[in-house]
Amino acid sequence: ETGVTQSPTHLIKTRGQQVTLRCSSQSGHNTVSWYQQALGQGPQFIFQYYREEENGRGNFPPRFSGLQFPNYSSELNVNALELDDSALYLCASSLGAGGYNEQFFGPGTRLTVL
Amino acid sequence: KQEVTQIPAALSVPEGENLVLNCSFTDSAIYNLQWFRQDPGKGLTSLLLIQSSQREQTSGRLNASLDKSSGRSTLYIAASQPGDSATYLCAVRPGANSKLTFGKGITLSVRP
């Protein structure tokens, strides 16, 4: 059974640029959630995708957008990058979107915005 | 709005000590609570998941308890080892979807 994978591992961008981060969910999981973790903070929920539809969103502006594909892999897109977007971006997958489903996290993508 | 607090932010103990990490949350209406471990710059490893109907869960040297009525959870680590050094995060699932609300974590250092 393959766990959650994310790519790339590290990324450096400049202000105003756009970035796409990718996540492959654990085998059999149909739900993907994205989190942003700033240095020294707990992860903050960005949004969740369930069967290719957005199924909940945290307090993030519209320049944070996402997609989920038929194979349940997912992308996080961030437009017009700002310095405060520098963070570890974590993807988590689960079997179903219900509250009882355990989430399994990937290793994260470290984004640095200069 | 659900808030999760973990105090202290950092803890240093000698090897072999039994220790307790605390987590508190403001709204007792949760589906479950999860404890995670995070090594520096890495992703999250799930340690224990306690459903709202449960009082505790155990895995090896780890034991997590949940008291919903008081809004508290504890993670007990027996016979701590230097390899246990990491940040421990507590997260609750406040509603019917899978969004997790995290605390800021406790950074544990176990001295040889």
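Before reading further, recall that the structure is shown in the block above.
This write-up is about the structure you can find in this document. Predicted, not measured: the structure shown is a model, and the values here were computed from it. Within any chain, residue numbers begin from 1 and follow the written order of that chain's sequence. Lettering for chains starts from A, numbering for ligands starts from 1, and both go in the order in which the items are written. Owing to the predicted nature of the model, reporting of local features is limited to residues with pLDDT of at least 70; listing and counting of side-chain atom pairs is limited to 80 or more, with chain, interface and lining totals taken over all residues. Excluded from the side-chain calculation are hydrogens and water; included are all heavy atoms of the structure.

Let's talk about the sheet that holds strand E3 (residues 19-24) of chain A
Residue and element names in this part refer to chain A.
Here is step 1 of the chain: The sheet built from four strands is open, its strands ordered E1-E3-E8-E7 with antiparallel pairing. Each edge of the open sheet is held by one strand with a lone partner, namely strand E1 (5-7) and strand E7 (64-68). Sheet twist, expressed as the mean angle between neighbouring strand axes with direction ignored, is 20°.
Here is step 2 of the chain: Note on pairing: DSSP must find at least two bridges between two strands before they are called paired. Under the DSSP-based scheme used, a helix requires at least four consecutive residues in state H or I and a strand at least two consecutive residues in state E, with every element numbered from the N terminus. Relative to E3, E1 runs antiparallel, the two sharing three bridges. The residue bridging Gln6 from the neighbouring strand is Cys23, located in E3. Lines fitted to the C-alpha atoms define the axes, with helices restricted to the stretch that makes contact. Angles between their N-to-C directions range from 0 to 180 degrees.

A word on the pattern of salt bridges
Residues and elements named next belong to chain B.
Here is step 1 of the chain: Salt bridges are defined by distance alone: a side-chain nitrogen of Lys or Arg within 4 Å of a carboxyl oxygen of Asp or Glu. Inspection of the entire model under this criterion finds six salt bridges over all chains.
Here is step 2 of the chain: For Asp39, the salt bridge is made with Arg37, and the minimal N-O distance between the two is 3.0 Å.
Here is step 3 of the chain: Judged by its relative accessible area of 29%, Asp39 is partly exposed.
Here is step 4 of the chain: Between Arg61 and Asp84 there is a salt bridge, with its nearest N and O atoms 2.8 Å apart. Of the two residues, Arg61 sits in the loop between strand E6 (56-59) and strand E7 (62-67) while Asp84 sits in the loop between strand E8 (72-77) and strand E9 (86-93), which places them 23 residues apart along the sequence. We call a residue buried when its accessible area falls under 20% of the maximum for its residue type, exposed when it is over 50%, and partly exposed in between, using a 1.4 Å probe and counting protein chains only.

As for the side chain of A:Asn30
Residues and elements named next belong to chain A.
Here is step 1 of the chain: Here Asn30 is to be found in the loop between E3 and strand E4 (31-37).
Here is step 2 of the chain: Judged by its relative accessible area of 9%, Asn30 falls in the buried class.
Here is step 3 of the chain: Any pair of N or O atoms that falls within 3.5 Å is considered a polar contact. Within protein, one atom must be able to donate a hydrogen and the other to accept it, and sequence-neighbouring residues count only if both atoms are side-chain atoms. Among the polar contacts made by the side chain of Asn30, one reaches the side chain of Thr31 at a distance of 2.9 Å.
Here is step 4 of the chain: Contact between two residues is taken to exist if any of their heavy atoms lie within 4.5 Å; hydrogens are not considered. Aside from chain neighbours lying at most four places away, what touches Asn30 is Tyr49, Tyr50, Arg51, Gln68, Tyr72, Ser94, Leu95 and Gly96.

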